[in-house]
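# Understanding the architecture of this molecule
Each chain is listed here by its residues.
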Amino acid sequence: MSYLLFSAGSALLCTFLLLVASPPTSHSDVRTDMEKLDALRRTIQKGRFSEAGSQTNWECELCEVGVTILKKTYGENKFQDEVAAALTQLCILSKLQDKTMCTGFTKEFKHEIVTIIGQTPLSSAEVCGLVVSDCSGPYDPTKFWKVTLPNTTKPPVTPPKPPKPGAPVSRVLFLSDVHVDLLYKPGANSHCEEYLCCRASSPVGKEGPVPAGKWGDYRYCDTPLWTLENLLQHLAQKQSEFDYAIWTGDIPPHNIWNQSRADQLNALNVVTSMILKYLQIPIYPSLGNHESAPVNSYPPPFVTGKDSISWLYDALAETWTHWTPISTKGNIAKGAFYSVLVRPGLRLISINTNYCYNLNWWLLLNTTDPAGQLQWLTQQLQQAEDKGEKVHIIGHIPPGTGDCLSAWSWNYDRIINRYESTVAAQFFGHTHRDHFELFYDMKNHTRPTNVAYIGPSVTPYMYLNPGYRVYEIDGNYPKSSMLVVNQQTYIMNLTEANLTDKPNWQLEYDTKDAYNMSSMTPADWDKFIQRLEKDDELFQMFYRYYYKSHPTQPCDQKCRTALICDLKTARSNDPSMCTLTPEVTWRDLRNYWTANRLC
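Throughout what follows, the structure given in this document is the object of discussion. Worth saying up front: this structure is predicted, and the values here are computed from it rather than measured.

## With respect to the overall build of the protein
Regarding its fold elements, the protein presents 19 helices and 14 strands. For the protein, the proportion of contacts with a sequence separation of at least 24, taken over those separated by at least 6, is 73%. Looking at the protein as shown, the accessible area adds up to about 22800 Å², and 51% of this sits on carbon and sulfur atoms.

Below, the structure written as structure tokens:
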């Protein structure tokens with residue numbers, strides 16, 4: 001199911017393109033393309049696409065032919081309706097999804113796919129090289145644009161040192177990926193062959209009736225509202241311990257085939273109201289990929305009219321300014337990013353990582369620094385450097401993951417490299433798991449320069465315990481490094497909570513204690529990775545915490561290589577830091593990541 005979730009975007013596009021096999025006969029210029037598509041359709045109907053090594057090939061061929069046809073027939077509304085009707089039928093026939101999801105996906109994505117494919121200046125091969133995993137094509141996004149860095153000299157780098165014993169410490173609450181399901185129903189089917197279960201409407205899956213627990217479920221289910229409220233009640237009792245909170249997005253549930261703008265705004269309002277009810281500390285939010293409808297749909301500002309994202313950004317500008325200064329409203333409404341001074345000497349910058357997401361198809365119209373966000377980021381960092389401020393960056397999608405387009409990711413890496421003495425820490429979510437990404441110098445990639453901490457999800461989706469984190473930051477005093485000096489991760493054991501009806505948010509582990517780390521500078525994390533490569537007992541501990549104490553399968557050599565490669569890689573689609581062998585190739589790692597990522 002995790003593979004299906006991650007590949008939903010490319011599979012949906014491929015299915016949609018396949019179904020243009022019934023265009024008006026007047027299109028004689030696409031007749032050859034139609035013959036290719038018809039042959040591919042017969043292959044899929046016979047089930048041959050499931051053969052080992054063949055799926056990527058047919059997906060790529062299907063994508064390129066289908067994009068070509070859509071480009072040639074763009075603008076014919078009658079044709080689009082015919083495609084939509086055929087889409088549902090063949091989606092069901094090919095068993096890509098069940099009837100409910102096939103129908104829903106057609107409704108959700110028809111307009112967006114046709115509009116974007118029809119208007120994109122990219123060739124068919126370039127489009128498919130971006131949206132379909134492993135499609136070889138001429139498009140290399142790293143060659144197409146570069147952010148201009150300010151013409152200032154990079155200050156001499158002084159390796160960060162841990163604070164002195166007894167130095168003040170700030171405690172920062174981290175929440176991410178709450179994915180609240182307002183329709184969650186205890187006892188409903190938790191294994192239903194759909195992307196989201198545990199609802200009254202969830203059908204019985206192949207395993208038969210599998211009732212959902214009261215407080216959540218390890219299978220294909222999101223967070224009940226009362227579980228989120230229980231978490232907030234727990235945090236309210238200890239909020240005096242926190243200086244502020246970071247909230248890195250993904251509020252709605254995973255019913256991505258059946259969501260409306262009204263649904264997403266309602267989820268935003270319900271969760272925001274509940275947080276305001278229980279927490280009276282400053283909260284700094286960032287935007288997830290699930291807040292839009294359709295999911296992952298974040299048009300850049302040049303897209304106006306009914307396709308504009310202003311319906312969401314305007315709502316965020318109102319909601320987020322419960323906590324951020326009114327001066328942030330303009331940038332939030334423009335692109336859902338902002339900069340705020342947390343206290344003298346510490347600036348927090350919230351970025352919108354949907355502008356790097358490879359499932360945000362609107363980027364096919366123009367991938368070049370959407371909304372001018374990275375150029376804005378360099379300006380903010382330069383101003384912070386000039387003022388002697390340290391900066392924390394928050395966002396949703398980690399920049400080094402394969403989910404992030406290479407051009408954006410590699411530009412971001414350049415920015416962090418230039419401002420390594422200013423950026424003290426980075427915080428992301430999205431993966432639902434517990435790990436980090438380490439940045440290295442651009443000269444020879446041997447000197448660690450920065451850390452992006454990737455925190456756990458509140459949702460148990462999928463096969464995880466709900467969790468949150470507390471970061472300890474070098475505190476408020478002159479010349480503070482503002483580095484993360486420790487972190488504690490807390491979880492709720494779902495099995496125990498459902499058996500006893502007494503949810504308990506308990507310490508899972510303290511990082512320095514569990515990993516025997518005296519400090520947590522980038523150099524310390526580099527040494528930790530080296531230990532992981534040699535110490536199997538330490539790796540197994542890390543692997544258990546990676547899954548919030550609920551791993552469902554052992555980690556073989558490909559798994560281990562992939563996880564360690566992830567920790568050392570802050571640039572997407574970059575194999576340079578990975579330990580590759582004939583037994584574990586770059587393709588093996590890409591396949592592993594695809595099979596273990598969520599959308």
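Moving on from the model shown.
## A few points about the sheet that holds strand β11 (residues 448-454)
With respect to topology, six strands assemble into an open sheet ordered β6-β7-β8-β9-β11-β10, the strand pairing being mixed. What marks the edges here is a single partner per strand, and that holds for β6 (338-343) and β10 (435-440). Pairwise comparison of adjacent strand axes, ignoring direction, gives a mean angle of 25° for this sheet. Of the pairings in the sheet, the one linking strand β7 (residues 346-350) to strand β8 (residues 390-394) comprises five bridges and is parallel in character. Across the sheet, L348 pairs through a bridge with H392, a residue of β8.

## Here's the deal with the pattern of salt bridges
Counted according to the given criterion, the structure contains 16 salt bridges. Here R418 ties to E385 by a salt bridge, and the two come within 2.9 Å at their closest N and O atoms. In this pair, R418 is assigned in helix α13 (residues 406-418) and E385 in helix α12 (residues 373-387), connecting sequence segments 33 residues apart. By relative accessible area, E385 is classed as buried at 19%. Here the salt bridges share partners, and the residues they tie into one network are K154, E420 and R447.

## Side note on the sheet that holds strand β5 (residues 283-285)
Two modes of strand pairing occur in sheets, parallel and antiparallel, and in both the strands are linked by backbone hydrogen bonds. Strand order in the open sheet formed by six strands is β5-β4-β1-β12-β13-β14, with mixed pairing between adjacent strands. A strand with exactly one partner marks an edge of an open sheet, and here the two such strands are β5 and β14 (505-510). Each neighbouring strand pair of the sheet contributes to a mean axis angle of 25°, computed without reference to strand direction. By the bridge criterion, six bridges tie strand β1 (residues 169-175) to strand β12 (residues 467-474) in an arrangement that is antiparallel.

## A look at helix α17 (residues 536-546)
Here α17 has its buried residues at L538, F539, F542, Y543, Y545 and Y546. Down the axis of α17, the sector holding all buried residues measures 165°, keeping them to one side. For α17, the elements touching its buried residues are β10, β14, α15 (511-515), α16 (522-534) and α18 (557-568). The N-terminus of α17 is capped by D535, whose side-chain oxygen sits 3.1 Å from the backbone nitrogen of E537. Phi for K548, located one or two positions after α17, is positive at around 50°.

## Structural notes on the pairing of β1
Of all seven residues in β1, six are buried; the element is thus mostly enclosed. Pairing geometry for β1 and strand β4 (residues 244-247), over four bridges, is parallel. Its bridge partner being in β4, L175 is matched across the sheet by W247.

## Here we look at the packing of aromatic side chains
What the rule picks out here adds up to 28 aromatic pairs. Note on F436 and F528: the rings are 6.3 Å apart at their centroids and 50° apart in plane angle, and the pair reads as tilted. Here F436, found in strand β10, pairs with F528, found in helix α16; they are 92 residues apart in sequence, far enough to count as distant. What makes F528 buried here is its relative accessible area of 1%. With centroids separated by 6.2 Å and ring planes inclined at 55°, the aromatic side chains of Y515 and Y545 adopt a geometry described as tilted.

## Some remarks on the layout of surface pockets
The space that makes up the second largest pocket amounts to roughly 820 Å³. Lining the second largest pocket are 37 residues, with T158, P159, P160, K161 and K390 positioned closest to its centre. Elements with a contribution of two residues or more to the lining of the second largest pocket: α12, β9 (423-428), β11 and α16. No other element matches the five residues that β11 contributes to the lining of the second largest pocket. When the residues that make up the lining of the second largest pocket are grouped by side-chain class, the tally is 19 nonpolar, nine polar and nine charged.

## Considerations on the packing of helix α9 (residues 261-278) against helix α10 (residues 310-320)
For any two helices packed against each other, one specifies the crossing angle of their axes together with the interaxial distance. Taken N-terminus to C-terminus, the directions of α9 and α10 make an angle of 10°; their axes are 11 Å apart at the nearest point. As the angle between them shows, α9 and α10 are arranged roughly parallel. Together, R261, Q264, L265, L268, N269 and T272 of α9 and W311, L312, A315, L316 and T319 of α10 make up the contact between the two elements.

## Some details on the environment of W320
In this structure, W320 sits in helix α10. In this structure, the C-alpha to C-alpha distance between W320 and A336, residues 16 residues apart in sequence, is 9.8 Å. Excluding residues that lie within four positions of it along the chain, W320 makes contacts with P285, S286, L287, I332, A336 and Y338.

## As for unusual backbone geometry
Note: most residues except glycine have negative phi, and most peptide bonds are trans. Each neighbour pair has its own omega, and for A293 with P294 the value is 0°, a cis peptide bond. On the secondary structure map, P294 appears in the loop between β5 and α10. Cis geometry is found at the peptide bond from Y461 to M462, where omega equals -15°. With respect to the element layout, M462 can be found in the loop between β11 and β12.

## Structural notes on the pairing of β11
Within β11, seven of the seven residues are buried, which leaves it mostly tucked inside the rest of the structure. Note: β9 against β11, three bridges, orientation parallel. Looking across to β11, one finds that Q426 is bridged to A452.

## Some words on the nonpolar core
If you look at the biggest cluster of nonpolar residues, it comprises 159 residues, and the most contacted ones within it are Y412 and F427. Excluding residues that lie within four positions of it along the chain, Y412 makes contacts with I351, L374, L377, I393, P399, Q426, F428 and F439.

## Remarks on the packing of helix α8 (residues 225-237) against α9
Between α8 and α9, the shortest axis-to-axis distance is 9 Å and the interhelical angle comes to 25°. Viewed along their axes, α8 and α9 adopt a mutual orientation that is roughly parallel. The hand of the α8/α9 crossing is right-handed. Each of L225, L228, E229, L232, Q233 and A236 in α8 lies in contact with α9, whose residues at this interface are V270, V271, M274, I275, K277 and Y278.

Definitions and limits used
- Think of each chain on its own: its residues are numbered from 1, step by step along the sequence as written.
- At least 70 in pLDDT is required for a residue's local features to be given in this predicted model, at least 80 for side-chain atom pairs to be given and counted, and no such filter applies to totals for whole chains, interfaces and linings, which use all residues.
- Only heavy atoms go into the side-chain values, all of them from the structure, while hydrogens and water stay out.
- Think of it this way: any DSSP run of H or I at least four residues long counts as a helix, any run of E at least two long counts as a strand, and we number them from the N terminus.
- Contact between two residues is taken to exist if any of their heavy atoms lie within 4.5 Å; hydrogens are not considered.
- Here the open area of atoms and residues is found with the Shrake-Rupley method and a 1.4 Å probe, where only the protein chains shown may cover a residue.
- Two strands qualify as a pair provided DSSP detects at least 2 bridges between them.
- Angular values range over 0 to 180 degrees, each being the angle between N-to-C directions of two axes fitted as lines to C-alpha atoms, with helices fitted over their stretch in contact.
- When a carboxyl oxygen of Asp or Glu lies within 4 Å of a side-chain nitrogen of Lys or Arg, that pair is called a salt bridge.
- When accessible area is computed with a 1.4 Å probe and restricted to protein chains, residues below 20% of their type maximum are described as buried, those above 50% as exposed, and intermediate ones as partly exposed.
- Note that the arc is defined by the directions from the helix axis to the C-beta atoms.
- In protein, a polar contact requires one atom able to donate a hydrogen and another able to accept it; more generally it is a pair of N or O atoms within 3.5 Å, and residues adjacent in sequence count only if both atoms are side-chain atoms.
- Under the pairing criterion, centres of Phe, Tyr and Trp rings, with the six-membered ring standing for Trp, must be within 6.5 Å; the plane angle then separates stacked pairs below 30 degrees from edge-to-face pairs above 60, leaving the rest tilted.
- Only protein atoms enter the 1 Å grid, on which a cavity is a set of points fitting a 1.4 Å probe that cannot get out and a pocket is an open set with protein on both sides within 12 Å along at least 5 of 7 lines, lining residues being those with an atom within 4 Å of a point.
- Grid points are joined across faces, edges and corners, and a volume is the space filled by probe spheres set on the points.
- The residue classification treats Ala, Val, Leu, Ile, Met, Phe, Trp, Tyr, Cys and Pro as nonpolar and Asp, Glu, Lys and Arg as charged. All others, Gly included, are polar.
- Angles are sorted into four bins: roughly parallel if under 35 degrees, roughly antiparallel if over 145, roughly perpendicular if 65 to 115, and oblique for all others.
- Residues belong to one nonpolar core when they are buried, are Ala, Val, Leu, Ile, Met, Phe, Trp, Tyr or Cys, and are joined through side-chain atoms within 4.5 Å.
- Two helices that cross are described as forming a left-handed crossing if the nearer one is turned anticlockwise from the farther one by less than a right angle, and a right-handed crossing if clockwise.

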